[in-house]
Amino acid sequence: MSTATTSLPPDLATQWTAIPDNDLSLDNVEQLLKPIHDDLWVAAACFDRVLDDAVVQRSLIDLGLERSESASSRAKRVASRGGRSSSTGVEELEDDSPVDNSDGRSRHASLISYFADETADAQLCRIRAILFERLDRLNTFVEICKEAPVVDEDEEDAIDAEWEDDPWADGGDEPSQSQEPKRAGKPPIPLSTLLTSELVDTACLLASQEHFAALRILMQRHGTVVWPFRFAILDCIPEYALAADYRDLLPSYDASEDKELRPSPSPWREEPDFTETSECVRALEECGVPLPTYTPVGDSSYFPAQLEPLSASKLSSWYLQRIDYVLASTGMVDAALALVQHAASQGVPDLDEVGEDLTLIARLVYDAPQAEDSAAEDWSLERWQSMDPVDVIRAYLAHTTEDRVAHDIQRLVMPYLFVLESRAERAGHPDPTLATRLLYDYILNAPLGIVAAIFEASKPTYPQGQRIIKDDEDMARLALACLYGSDSIDEWPTMNRVFECLPAWDTPEEDADEADEADTTITSLGAFVTPSTNRPRATPSDLLIFFKPLPTTSLSRALDVLDVHLESGEILARWSVPAPLRWFLQSNTNISEQRARANRMARRANAADDKLDTQEDWEWLLEDMLKLCGSGESGSRSAFCLLSRDDIIRIFFSGLLSTGNFDIAKKLLRSSSVQLSLDQQVIEDICLSCSQEFYDNATSGNYHFGDMKQAYDCLDVPAPSDRIIQEKEFIEATSRLCSFNLMSRPGIPISPIEIRLTKNRLSLVSRVLSSNNDAYKHTEVILDLVHKLGFRNDVVAEVKTLAMLAETALQADDFERAYETSERMVNTVLLLRSSHPLGSDAPHILEASEVCWLTCFQLGRHPDLPDGQRKLALLGRALEFCPAEKLPDVLTAWRPAEQDDLERRREALASRKRGARRVSAPRQRPTGADAVASLASRLQSMQMPDLHIPHTPDAAAFAGKAFSSVAANIPFSFGGRGRSSFMSDETERSRSGSRGRADGAHVVSEQASRVLQKGIGWLLGADDDM
């Protein structure tokens, strides 16, 4: 019978709904809810309240189940009456397997009809199923609380209370808080959360917070719901958590079934209530009974479900994925190792090698030395398994030191090599040399300090079991390969440490054949380490292959050679010219390499930090160089074995001079303790070579300081000779040239090396004359400069120089000096021609004569030359020295000059006759007007005759061309002061004369000023000179 029409006591219902959830108590349930007679309302009120107080919540659930029991019984009876037999028991009705489809459909139809008619009972059945679910969860919560740790009080509250303690307050006002009873079993989640959330979500939450005890209880009591989502829940456990803390939650292996072991759940109720059966649930859903606010069967479709146990291979794969994820996300190898150890303890197959790898990775991460300032590396199984064994060994010993490398190899590397050997044997490919091969490969590529420490831990005097390298011949081969394959040039003490650990064999004296064999071995080794296109560098691994087949006798001989090379290397390093050990092999048959290294040793010794300031220091250097040149039992293998003693002494003396220690060089040459055994010619050659080197490196030509002074002073070391004097004069000439401020390019002074490399050094004299206005006035200085440039006793060069001086004076309008220089040039040529009785057909005489006649011709035809007699004299010399084919050209200039001279003579004779008839008056200085008139007349009279000869080349142009090509190939037109051609001057003067006549005295005055500016002021005193 339905109770839906029963009236509710308004006062009790109103009071119940007005109480908040947090204020509900057992008394409220007893006094307000139980007196209400409406079962649906009471059950709904119990369902509506979700509390965190387990006691009150249990009373509500019990009350709701009590009020809904009658509705559940009625529904069950209806279902039982709907079957074929009224005697069908409840157990058979609740069985999901249909014995008879028609009987099942009849019962289902009866329930649907009943729930459609009695909606209150339908709602009560739905609420009852939910309350049973809440009861199970409440029981789970209570058990979780029992397993929860006991906490005295919240840590944060305790800290706050400590800081809030007032030291000035009275202590007796209030009782101490520590006297209150302790709280026990604080649950990891509130009860309300557990009651209203999905069990899978709750399990994931507990897993993420590492509440493994609570999670274990949840999965045990609600395994039917939670177990299909076990892997999703396990994925929520933090990767850094150790497997030992949640080993009960990890999947196990059932060896009998060869698959995952399905755990047996322990639910709170062995049999479900009728309202929880699938028959009742389907009937309620088809009746359209509205779901309450919370439904016990939630949607977990977003979690992957695994309803069946995994196979053995899939279970192993899951553990491997979990291990990889732990390593990749946290890098905690210990957590991954604990996980695989648990899986191995449960019998999960195919994890043995993974366990070995993780054990080796753990040694690398936790036992191997690490850098203090570097971040830890992240390791994964994939990365580890993809690494070569050589890389793994290097990773183990990446941060090892010389003090602990031997211990690290024994503790870290050897176990790894043992695992590799075991795996090779299990795979059916045994390799007995695997461990030594990998260990030797590391030694060949290790730094020399580490190599020395390994060799010191492998001395032949140690017991066999303690040695890292156990074979003596292998030690020798490794040492030779490591030392000759090293590029180090400053670790000679470390190399000696390696050598001192090597074994010494008692080998008999070698005969001639064995000595030749040893020499051939060393020669072949030198060719092997020489770079080539196929192998730019011989690595230690390559050298080990070379030394592998050598017998004990050859290895012993090679160690003897190594000893000599180590001593030589120390000597070279002492004098700041270090070389790697392989260089001694490469240069064993290369004299050029040895000579170059000896030169560097002699020259760079004084460039080191320790300067060689005394004679004793240089004697020490000479002693070491002679020690390396190879004399003695093993001298054929020393650094300079191909150089003789005299070669070394020459190289040493040259290096000494290159440092500028000329006083020490002189003392050594005269010293009785040092026998340099050099003759004067060799000393002179060395000094000249060093002087020229200083000269070429000089940046300034002044020989009073810098490299140029060194070049000059270096020539004082040997005895004077013609070559020494010539070189010193050339240095003096260079200094003189640089004092004239010659420029290589605009703004850049000429350097000494440019002066030396100048092919025609007379061109330098030409540049001096063109760049200095008064240089032509110092004839002797210029001639001395030419002599010191290397032209002493060279008459042709002297003639060319005089020609340049005359031309320069002519361009400066210094006709007097130009004539004097030309006259000296003519006398020089005459003397040269007279000194050769065979005639003037010699090439140098012809060259000097051509320069002379061209210069005389150039000066004699100059229109501004005032003295006609000198013009005729110069043109006469030009007629004397010029070749026959040039006579017409010279005569073309001779005739006007001769005609002009005749006219002047006639005028002078006529003036004398007129002067005899009139009274001679005292000569007065002309006034300004007279001077202007006189100057105008002179400007008008500056008309040169037309020298154009039909069918004959212009003599001026031809003479200029011939002069420029003959006179030492030196240009005689100098920058800024060159005069225009003869015809252009003549035309300009003709125009000037015309303007003078046309414009009168004022124009003549302007012309006179312009003429004075051009430097021909000598016209003003022409009358006095005449």
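Note that this is a predicted model, so its numbers are computed, not measured.

So, how was this worked out
Residues numbered from 1 in each chain as written. Predicted model: local features only at pLDDT ≥ 70, side-chain atom pairs only at ≥ 80, totals over all residues. Heavy atoms only, no water. Patch = residues over 30% accessible without salt bridge, like charges linked within 9 Å, V, L, I, M, F, W, Y side chains within 5 Å. Areas by Shrake-Rupley, 256 points an atom, 1.4 Å probe, with all protein chains shown as cover. Salt bridge = Lys/Arg side-chain N within 4 Å of Asp/Glu carboxyl O. Lys, Arg positive; Asp, Glu negative; His and termini not counted. Charge placed at Lys NZ, Arg CZ, Asp CG, Glu CD. Helix = DSSP H or I, 4+ residues; strand = E, 2+ residues; numbered from the N terminus. Buried < 20%, exposed > 50% of the residue type's maximum accessible area, 1.4 Å probe, protein only. Polar contact = N/O pair within 3.5 Å; in protein donor to acceptor, adjacent residues only side chain to side chain. Contact = heavy atoms within 4.5 Å. Core = buried A, V, L, I, M, F, W, Y, C linked by side-chain atoms within 4.5 Å. Phe/Tyr/Trp six-rings, centres within 6.5 Å; stacked < 30°, edge-to-face > 60°. Lys NZ or Arg CZ within 6 Å of the ring centre and 35° of its normal.

A few points about a negative patch on the surface
So, point 1. Judged by side-chain charge, Asp 560, Asp 563, Glu 567 and Glu 570 come together as a negatively charged surface patch.
So, point 2. Mapping Asp 560 onto the fold places it in helix H27 (residues 552–574).
So, point 3. Asp 560 sits in the partly exposed class, given a relative accessible area of 43%.

Notes on the side chain of Thr 758
So, point 1. Secondary-structure assignment places Thr 758 in the loop between helix H36 (752–757) and helix H37 (762–771).
So, point 2. Side-chain polar atoms of Thr 758 contact the backbone oxygen of Glu 754, separated by 2.6 Å.
So, point 3. Ignoring any residue separated from it by four or fewer positions in sequence, one finds Thr 758 in contact with Ser 763 and Leu 764.

Re the side chain of Thr 828
So, point 1. In this fold, Thr 828 is placed in helix H40 (residues 815–834).
So, point 2. The class for Thr 828 is buried, based on a relative accessible area of 14%.
So, point 3. Within the structure, Thr 828 has its side chain in polar contact with the backbone oxygen of Arg 824 (distance 2.8 Å).

Notes on the pattern of salt bridges
So, point 1. In the structure shown here, the tally under the stated rule is 47 salt bridges.
So, point 2. Glu 456 is the salt-bridge partner of Arg 497, the closest N and O atoms lying 2.9 Å from each other. On the criterion of sequence distance, the pair formed by Arg 497 in helix H24 (residues 492–500) and Glu 456 in helix H22 (residues 448–456) is long-range, its members being 41 residues apart.
So, point 3. When its relative accessible area of 23% is taken as the criterion, Arg 497 is described as partly exposed.
So, point 4. Residue classification places Glu 456 among the partly exposed residues on the basis of a relative accessible area of 29%.
So, point 5. The salt bridge partner of Asp 624 is Arg 574, with a shortest N-O separation of 2.7 Å. Of the two residues, Asp 624 sits in helix H30 (residues 615–628) while Arg 574 sits in helix H27, which places them 50 residues apart along the sequence.
So, point 6. Classification of Asp 624 by relative accessible area gives buried; the value is 2%.

Focus: the nonpolar core
So, point 1. In terms of nonpolar packing, the biggest core is built from 243 residues, with Leu 358, Tyr 396, Ile 443, Phe 455, Met 601, Phe 640 and Leu 657 touching the most fellow members.
So, point 2. Ranked by the residues each element gives to this core, the list is headed by helix H7 (residues 119–147), at ten residues.
So, point 3. Leaving out residues up to four positions away in the same chain, Phe 455 has contacts with Ile 443, Ile 469, Met 475, Leu 478, Ala 479, Val 498, Cys 501 and Leu 502.
So, point 4. Core analysis: the next-biggest nonpolar cluster, separate from the first, contains 15 residues, Trp 16, Val 29, Val 42 and Leu 60 among them.

Quick notes on H37
So, point 1. When we look at burial in H37, the residues that qualify are Leu 762, Leu 764, Val 765, Ser 766, Val 768 and Leu 769.
So, point 2. At its buried positions, H37 is contacted by helix H35 (722–739), H36, helix H38 (779–791) and helix H39 (795–811).

Overview of the packing of aromatic side chains
Any pair of aromatic rings gets described here by the distance separating the centres and the angle formed by the planes.
So, point 1. Applying the stated criterion to the full structure yields 17 aromatic pairs.
So, point 2. Aromatic pair Trp 575 and Trp 620: ring centres 5.1 Å apart, planes at 75°, arrangement edge-to-face. Residue Trp 575 is located in the loop between H27 and helix H28 (581–586), and its partner Trp 620 is located in helix H30; the two are separated by 45 residues in the primary sequence.
So, point 3. Taking the relative accessible area as the measure of exposure, Trp 575 reaches 4% and is therefore buried.
So, point 4. Residue Trp 620 is classed as partly exposed on the basis of its relative accessible area of 41%.
So, point 5. Grouped by ring-pair contacts, the aromatic residues Trp 379, Trp 384, Tyr 396 and Tyr 416 constitute a single cluster.
So, point 6. Sitting over the face of the ring of Trp 268, Arg 221 holds its NZ or CZ atom 3.9 Å from the ring centroid.

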